[in-house]
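# Coordinate inspection notes
Each chain, written out:
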Amino acid sequence: MAMKQLDTILKYEQDNEQRCADQLKIAENEYQQNLSRLQGVADYRLEYMKRLSERATNGLDSATYSHYHAFIAKLDTASKQVEIATRQAKALVDQSKSLWLKQRQKVKAVELLRDKRLKKIAVAADRAEQKMFDEIATQQYIRRPLR
């Protein structure tokens, strides 16, 4: 395989690797955002529960209690939805990472093949150069005047 072809394949595989890395970054960002949302909902729920507790110490009518209770149920539902989204985002991160690692292996394989080819070319060039020097030395020896 010619060096130009190997260089083209290497460029193609590196571009694919970069796309996989970009997708992995996007998936990781989405996962982190979902973790933040989940923490935000949990913090807000805790804050709302504290408010309910404070209001309950001063007395609370049933309508207000029902309102608090309904809102906490909505927060619990939102928390479950964010948990689902977080699990899906984590699965996407794992999948993206796996694809990126496979692509990285391809790049490494092409780089190794390219390096072997470069070494083979260098060895051939060294042999040709040595052959040329040997030929020059032989010609000088033959042309040397006899004493």
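Up top you'll find the structure we're talking about.
The rules behind each value
- Residues numbered from 1 in each chain as written.
- Predicted model: local features only at pLDDT ≥ 70, side-chain atom pairs only at ≥ 80, totals over all residues.
- Heavy atoms only, no water.
- Phe/Tyr/Trp six-rings, centres within 6.5 Å; stacked < 30°, edge-to-face > 60°.
- Helix = DSSP H or I, 4+ residues; strand = E, 2+ residues; numbered from the N terminus.
- Buried < 20%, exposed > 50% of the residue type's maximum accessible area, 1.4 Å probe, protein only.
- Salt bridge = Lys/Arg side-chain N within 4 Å of Asp/Glu carboxyl O.

Turning our eyes to something else, we now look at the packing of aromatic side chains. For the structure shown, the criterion picks out four aromatic pairs. Plain terms: the ring middles of Tyr48 and Tyr68 are 4.9 Å apart, the flat faces sit at 40° to each other, and that makes the pair tilted. One end of the pair, Tyr48, is in helix H1 (residues 3-57); the other, Tyr68, is in helix H2 (residues 62-143), with 20 residues separating them in the sequence. On the accessibility criterion, Tyr48 (8% relative accessible area) is buried. A residue is classified by how much of its surface remains accessible, and Tyr68, at 7% relative accessible area, is buried. Pairwise contacts between aromatic rings join Tyr44, Tyr48, Tyr68 and Phe71 into one cluster.

The next thing to look at is the pattern of salt bridges. Counted by the stated rule, this structure contains six salt bridges. Glu17 is the partner of Arg104 in a salt bridge, and the nearest nitrogen-oxygen pair spans 3.1 Å. With a gap of 87 residues between them, Arg104 in helix H2 and Glu17 in helix H1 connect regions that are remote in the sequence. Judged by its relative accessible area of 23%, Arg104 falls in the partly exposed class. Linking Lys90 and Asp94 is a salt bridge whose minimum nitrogen-to-oxygen distance equals 3.6 Å. With Lys90 and Asp94 both in helix H2 and four residues apart, the pair spans about one turn of that helix. Judged by relative accessible area, which is 42%, Asp94 ranks as partly exposed.

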